[in-house]
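Topology and contacts: notes
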Amino acid sequence: MLQLVEPEQLRGALLAWFDRCRRDLPWRRTRDPYGILVAEIMLQQTRSEVVATRYRGFLERFPDVDALAEAPVESVEAAWSGLGYYRRARNLHRTARILAERGALPASAAEWAELPGVGAYTSALLASRCCGESSPVLDGNVERVLSRFLAATQAPRRAAARRNLLATAARLLDPGRPGDSNQALMEVGSLVCRRGRPDCGACPLAPGCRAFHSPRLDPRAFPVAGPRRAREVRHCFTAVVRQGEDLLLHRRPGDADWLAGRWHLPTVELASGDESTRAAEALGREFGGCWECDEPAALVRHAVTYRDFLVRAAIARWRPERRPEESTGDRVPAEGSALAWFGREEIEGLPTSSLLRKTLDSVGVNCADPPIHSGP
């Protein structure tokens, strides 16, 4: 039987490695709970390299909880542009309003977890960094590190396996520096215990790692894969309508299951790609007015988590069902309206998606180009 070093005995080595090798990330230079909160919400489902390009600018625009709470949600979403998953921006805005009203920050993981968009992982990390609470975290990197450390035979998402991983993570936490211990575990997963190329010789946890010390085991075989969710194919049709140099956009509902709350081209979902010949009718039912769509349509492929979107896009014309005198007001309608016109500079400040640019490129449209087809 292998005689390995116990997790408690590796706390010092883990922190010493972190102090020497950690990346210099802007949110690691602050002890301000608000700055840490912003970073951790941004880091949900977004790579640290991308977050680093947006983090400082966001804090310059909204330097504290009160500034964020008082700002319109639209300006928060605009500052979030480029990070994706805009529901996080709306949740952060709601959280700021709750904290501003309370006048105090949470004092424990349980209190952090009560806030919008703050789940078990984020609440544990915030509590460990902001409150000094020894709350272990489990993200994808930590799951991989600890699955190899234990040579776990069950997929991390199974309840029993998860409890075991959390218990081991807790044993690795230094009670004097729980926030740094959590970050150190994540950093080991990012820099050393990588998915396909683990550098076991450089790992501070190697003295206790079963996958490393067992000659019959390959660390790359862990974590054990669980059942994969079947991918879902969805068919859509998107209309590209120009008026002068302006582009017609639609703000998707906040509860939509993709591109929630973001401005996008008028799009309808179809039962199949064959239905694209009747797209104008579907657009009329969804958005009102009369639509004419050019043929053939360009095909754009877009993946969102487990969904594959096959989007057929075409230059189109739209005639609204309203009196001429009603069309001369502001191009941006009041909240709740379906469609609005935006110029290039305005679009750059909106919460959009990479799918918008991909779609425009597919039909050869650039927002700075002269109009190809005009609306009414």
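Residues numbered from 1 in each chain as written. Predicted model: local features only at pLDDT ≥ 70, side-chain atom pairs only at ≥ 80, totals over all residues. Heavy atoms only, no water.

Focus: the confidence of the model for the protein
This prediction gives the protein a mean pLDDT of 90; 93% of its residues lie at or above 70. Taken as a whole, residues 368-376 scores under 50 in pLDDT and shows 28 contacts with residues more than four places along the chain or in a different chain. (pLDDT = per-residue confidence, 0-100. Contact = heavy atoms within 4.5 Å.)

Focus: the pattern of salt bridges
According to the stated counting rule, one finds 24 salt bridges in the structure shown. When the shortest N-O distance is used, the salt bridge between Glu6 and Arg171 registers 2.7 Å. With a gap of 165 residues between them, Glu6 in the segment before helix H1 (11-21) and Arg171 in helix H10 (residues 159-172) connect regions that are remote in the sequence. The class of Glu6 is partly exposed, set by a relative accessible area of 39%. (Salt bridge = Lys/Arg side-chain N within 4 Å of Asp/Glu carboxyl O. Helix = DSSP H or I, 4+ residues; strand = E, 2+ residues; numbered from the N terminus. Buried < 20%, exposed > 50% of the residue type's maximum accessible area, 1.4 Å probe, protein only.)

Digging into the pairing of strand E9 (residues 339-342)
The alternating pattern of E9 places Leu339 and Trp341 and Ala340 and Phe342 on opposite faces, both of which are buried. In this structure, strand E3 (residues 246-251) lies alongside E9, joined through four bridges in antiparallel fashion. Counterpart to Leu248 in the pairing with E9 is Trp341. (Pairing = 2+ DSSP bridges.)

Description of H10
With 14 residues, H10 should cover 20 Å at 1.5 Å per step; its first-to-last C-alpha distance of 20 Å lies within 8% of that length. Of all the residues in H10, the buried ones are Ala161, Leu165, Thr168, Ala169 and Leu172. Viewed end-on, H10 has its buried residues packed into an arc of 100°, placing them on one side of the element. For H10, the exposed residues lying more than 90 degrees away from the buried face are Ala159 and Arg163. Packed against the buried residues of H10 are H1, helix H9 (140-150) and helix H11 (178-191). (Expected span 1.5 Å × (residues − 1). Arc of directions from axis to C-beta.)

Some remarks on the packing of aromatic side chains
Considering all chains together, one arrives at eight aromatic pairs under this definition. With centroids separated by 5.9 Å and ring planes inclined at 85°, the aromatic side chains of Phe58 and Trp80 adopt a geometry described as edge-to-face. Of this pair, Phe58 sits in helix H3 (residues 48-61) while Trp80 sits in the loop between helix H5 (73-79) and helix H6 (87-102), placing them 22 residues apart in sequence. Take Phe58: its relative accessible area is 1%, and that puts it in the buried class. A ring pair is formed by Phe287 and Trp291, whose centres lie 6.1 Å apart and whose planes are at 50°; its orientation type is tilted. As far as the burial class goes, Phe287 and Trp291 line up, both buried. Connected via pairs of aromatic rings, a cluster forms that spans Phe287, Trp291, Trp318 and Trp341. Positioned above the aromatic ring of Tyr306, the side-chain terminus of Arg229 is 3.6 Å from the ring centre. Over the ring of Trp258 we find Arg252, and its NZ or CZ is 4.4 Å from the ring centre. (Phe/Tyr/Trp six-rings, centres within 6.5 Å; stacked < 30°, edge-to-face > 60°. Lys NZ or Arg CZ within 6 Å of the ring centre and 35° of its normal.)

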